[in-house]
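Chains, contacts and geometry: an overview
If you want the building blocks of each chain, they are given just below.
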Amino acid sequence: MTQDPLLQTYDVIVVGSGATGGWAAKQCAEAGLKVALLEAGRAVSPKEFTEHMPAYKLKYRDHSPEIVRTRPVQKQCYACMEYNYEWFVNDLENPYSTPPGKPFTWQRLRILGGRSLVWGRQSYRMSDNDFKAASRDGYGDDWPISYAELSPYYDIVEKYVGISGAAERNEMLPDGQFLPPMKMSCGEIQLRERVKAKFGHTVTIGRTAILTQNHNGRLQCHYCGPCERGCSTFSYFSSPFTTVKDAIASGNCTLITNAVVSHVDMSTESNKARGVTYVDRLTRQVKEVRGKSVILCAQALESTRILLNSSTREYPNGLANSSGALGHYLMDHVVGAGASGRLPNLNPLPNANEPARPNGIYIPRFRNTPSSKKHSQFIRGYGYQGGAEAGFNFNAEGYGTTLKRAVKEGEYSISLGAFGESLARWDNYIEIDKDLKDAWGIPALHINMSHGDNEAALMQDAGASAAEMLEAAGAKDIHVQANVEMPGMAIHELGTARMGNDPKKSVLNPFNQSHDVKNLFVMDGASFVSSACQNPTLSMMAITVRACDHMIERFRKNEI
Amino acid sequence: MKRREMLRASVLAGAAAALRPALASAQSAAQSAAQPSELTPAQSGVDASKEFEGPGWKPLFLDEHQNETLIILSDLIIPATDTPGAKEALVNRYIDLVLAAETRETQQAFLNSLGYLDSESIRRFKAAFLYLSRDDQDLLLHALAYPRNASNWTGEADANPDKGHAHFEALKGRIMMAYYSSQIGEKELGWDGAFAHGPYQGCEHPEGDHK
């Protein structure tokens, strides 16, 4: 493919190069399809990684006014730092609106790899308790796919990505294809033992997309700590150095960076997509790429934004939206509850020269499970992430030599923070803000979302349960939180183009294919029917690989 | 070669080997590499650690009295012991740099806290904090440094006893952050400057016994 990339007609156009787009490009290109992979941002180089730079080399030691000025929204994410803020979108160029009193924080990266460069890496399977949740408690809709259908694709993704973790045979959290688990600290093991004894709940080491042994040509973790600044050994999974690299190596994938896709173009003769139009990020030139099929993997809200901006005479309310469901059922895990304290029986002496484990512990959901009784205050449930370790005591009282000594004497702290299921509700939706455009002239989103009573009840219970578990572990000075933070804070946006069997109620079929336009696919988190409470990226990737299998088969049979 | 150095060397050698194919593909993929304006200073490799160490340094935000007060205060909060303290770490210069870029509200909040120190000092000792003896400075800080409750007799009648503590904590927080994020502060914590220290070992105690 040496010609002008825009003069070809590709078999597949993939929009977005993050966790799901990377997989879509890899699967299609390795199957022999000609792929154009479009990324709104620039390419990324390992030369930009800053994970080994101490904070004192930063002019403002992570208090840069440039972040405040250009990333007032992005800086609400811990991973947006003075080291790497240029990876995050400039909020001044990428506006969106929210109704008064209903804030939503939207964290975005426009760069090759997208948010896979800075993600939290926690990787958990969903179970039929999630896929069939509506049948169990009567709320909402079941997924049109089952765990048995997705399980082989979890296997494929886990084996390739490399997920370290421990098998637990937990009914809510299926085991997977694990690399050796990272070790737990004394405090974490103490919590695990006592919580199991007193409550019967499972405390396990975080299942994380970080290599604990060399794997698929990548080196094992060297435990330096701050993955979100890049990794010189590529030990955590990010798409540019794995799936996207494979797609390009196949010889069948053309990467087009700086392609800010505005809309999908429809054929004038048939009910099919004929490609996408994008604005060149740097030159502002408008260009069209032609393809026999289009896969959107731009991030849940961005993919739906593209469809809403692709209205035609046949689809006046957004492309592939005969159901009217496009934009609705936006979800993001509810956060804001947990507990912290200290473990006085353990040696608090910190060591600045210990390996830094970029992972914590996980407590899978234990409310409203098949083996627990139905909770009176809420449906669904929550899981916890947390950790326990000796650290420097920067909260020490007083001043002078006693303060200086107390900091180094340290404190053994322990904490748990909950992620709760966000119920799919019609009233949580996105639409195009007719008065707002981004820096490329593309109409921006109006995001309308709030957490409801069930999410608040989950957080109330999660705060109290966390405190009980810490108490059982022997913690003192326990602080409880039971807040509901603004939606978007979990950075687990899901829904807005849900899958389902009924074309009148869903946007996509069970293979992420548009009910309305057969050569149009959405393969990212937009397709989720319910949110469960597990970190969703692993499930998104498995769903993408499954959808690609189906799509490639149909393509070969000329059915697309 | 010490164990840690060997580990580090092997990690680096391995990293370099692993980097080569990935770099090559990243470069072939890079239709548009980053423009300088699209990298943070850190991503461009800028080392700003020596920025305010020069002899001609002048504060950007604080006036001379505020700056001198901050130096004395930081030296009391984190003094030099067998290791350097906040004054040697130039925490006043870092705090001034950050404040100069802060919002007006944040700047004013800082000046209010620093001003509170002087107003208490003048009320009790008839002189600004800067001009008190070390003993009197210590007396004043001691009265502010610990949270008080109603039953705690301090010898001072104060209608709003926690206000002083809140101002103290605000100043202390900035000084702590500035000190422990400096190169001197990292050494104080014992960091050897290496970024990798072998695999995470975790708990190796027998079950139930974490002494």
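This text follows the structure it describes.
Treat the numbers as computed from the prediction; the structure is a model and nothing was measured.

The rules behind the values
Residues numbered from 1 in each chain as written. Chains lettered and ligands numbered in written order. Predicted model: local features only at pLDDT ≥ 70, side-chain atom pairs only at ≥ 80, totals over all residues. Helix = DSSP H or I, 4+ residues; strand = E, 2+ residues; numbered from the N terminus. Rg over C-alpha atoms; globule rule 2.2 N^0.38 Å. Contact = placed C-beta atoms within 7 Å. Buried ≥ 20, exposed ≤ 12 C-beta atoms within 10 Å, placed from the backbone. Pairing = 2+ DSSP bridges. Axes fitted to C-alpha atoms, helices over the stretch in contact; angles between N-to-C directions. Nonpolar A, V, L, I, M, F, W, Y, C, P; charged D, E, K, R; others polar. Expected span 1.5 Å × (residues − 1). Parallel < 35°, antiparallel > 145°, perpendicular 65-115°, else oblique. Right-handed = clockwise from strand over helix to strand, strands pointing away.

**A look at the overall build of chain A**
The secondary structure content of chain A amounts to 11 helices and 19 strands. Against the compact-globule benchmark of 24 Å for 560 residues, chain A has a radius of gyration of 23 Å, which places it among compact chains. With respect to the principal axes defined by its C-alpha atoms, chain A has extents near 75 × 55 × 45 Å. For chain A, the proportion of contacts with a sequence separation of at least 24, taken over those separated by at least 6, is 71%.

**Notes on the overall build of chain B**
Check the secondary structure of chain B and you find seven helices and zero strands. When its helices and strands are written in sequence order, chain B yields α-α-α-α-α-α-α. The burial tally for chain B puts 29% of its 211 residues in the buried class. Pairs at least 24 residues apart make up 57% of the contacts formed inside chain B by residues separated by at least 6 positions.

**A short note on the sheet that holds strand S9 (residues 273-280) of chain A**
All names here are of chain A. Spatially, four strands are ordered S1-S10-S9-S8 in an open sheet, and the strand pairing comes out mixed. Of all the strands in the sheet, the pair left with one neighbour each is strand S1 (9-10) and strand S8 (259-266). The sheet contact formed by S8 and S9 spans seven bridges and is antiparallel. Bridge pairing in S9 places Val 261 opposite Tyr 278.

**Concerning the sheet that holds strand S19 (residues 520-522) of chain A**
Residue and element names in this part refer to chain A. Within the open sheet, the five strands sit side by side as S7-S3-S2-S11-S19. Their pairing is parallel. Every interior strand has two partners, whereas the edge strands, strand S7 (253-256) and S19, have only one. For this sheet, the mean inter-axis angle between neighbouring strands, taken without regard to orientation, is 20°. In the sheet, strand S3 (residues 35-38) pairs with S7 via four bridges, with the strands oriented parallel. Paired with Leu 37 across the strands is Leu 255, a residue of S7. Its contacts with the sheet put helix H1 (residues 19-30) on strand S2 (12-15), S3, S7 and strand S11 (294-296), and the angle it makes with S3 is roughly 170°.

**Quick notes on the interface of chain A and chain B**
Taken together, the 63 residues of chain A in the interface contact 61 residues of chain B. Breaking the side of chain A that touches chain B down by element, the ones donating at least two residues are helix H6 (186-199), helix H7 (243-249) and helix H9 (400-409) of chain A. A per-class count over the side of chain A that touches chain B returns 32 nonpolar, 16 polar and 15 charged.

**Regarding H1 of chain A**
Residue and element names in this part refer to chain A. Between its first and last C-alpha, H1 extends 17 Å over 12 residues, near the 16 Å set by a 1.5 Å rise per residue. Within H1, 11 of the 12 residues are buried, which leaves the element mostly enclosed by the surrounding structure. For H1, the full list of buried residues reads Ala 19, Thr 20, Gly 21, Gly 22, Trp 23, Ala 24, Ala 25, Lys 26, Gln 27, Cys 28 and Ala 29. On its buried face, H1 sits against S2, S3, H7, S7, S11 and helix H11 (537-556). Positive phi appears at Gly 32, one or two residues downstream of H1, with a value of about 100°.

**Digging into unusual backbone geometry**
In the Ramachandran plot, Arg 169 of chain A falls in the positive-phi region, its phi being about 50° despite a non-glycine side chain. Positionally, Arg 169 of chain A belongs in the loop between strand S4 (163-164) and strand S5 (178-179). Given 8 C-beta atoms within a 10 Å radius, Arg 169 of chain A is considered exposed. Not every positive phi belongs to a glycine, and Lys 126 of chain B is a case in point at roughly 60°. By the element assignment, Lys 126 of chain B lies in the loop between helix H4 (104-125) and helix H5 (134-145).

**Brief notes about helix H3 (residues 91-100) of chain B**
Judged by how many residues are buried, H3 of chain B sits mostly within the fold: nine of 10 residues are covered. Of all the positions in H3 of chain B, only Val 91, Asn 92, Arg 93, Tyr 94, Ile 95, Asp 96, Leu 97, Val 98 and Leu 99 of chain B are classed as buried.

**A look at the packing of helix H5 (residues 147-161) of chain A against H11 of chain A**
Residues and elements named next belong to chain A. Relative to each other, H5 and H11 sit at 110°, their axes nearing to 8 Å. Classified by the interaxial angle, the pair formed by H5 and H11 is roughly perpendicular. Within the contact between the two elements, H5 uses Leu 150, Tyr 153, Tyr 154, Ile 156 and Val 157 and H11 uses Leu 538, Met 541, Ala 542, Ile 543, Val 545 and Arg 546. Per-class residue counts for the contact of H5 with H11 are 10 nonpolar, no polar and one charged.

**Here's the deal with the environment of Ile 442 of chain A**
All names here are of chain A. Inspection of the secondary structure assignment puts Ile 442 in the loop between strand S16 (429-437) and strand S17 (443-448). Look at Ile 442 and you get partly exposed, because 19 C-beta atoms sit within 10 Å. With 164 residues separating them in the primary sequence, Ile 442 and Tyr 278 have C-alpha atoms 9.7 Å apart.

**Section: the pairing of S2 of chain A**
Put simply, side chains in a regular strand alternate between the two faces of the sheet. Residue and element names in this part refer to chain A. The alternating pattern of S2 places Val 12 and Val 14 and Ile 13 and Val 15 on opposite faces, both of which are buried. One ladder, built from four bridges, connects S2 with S3; its direction is parallel. Its bridge partner lying in S3, Ile 13 is registered against Ala 36. Read from S2 through H1 to S3, the crossover connection turns out right-handed. Here S2 pairs with S11 via three bridges, running parallel. Among the inter-strand pairings, Val 15 is bridged to a residue of S11, identified as Leu 296.

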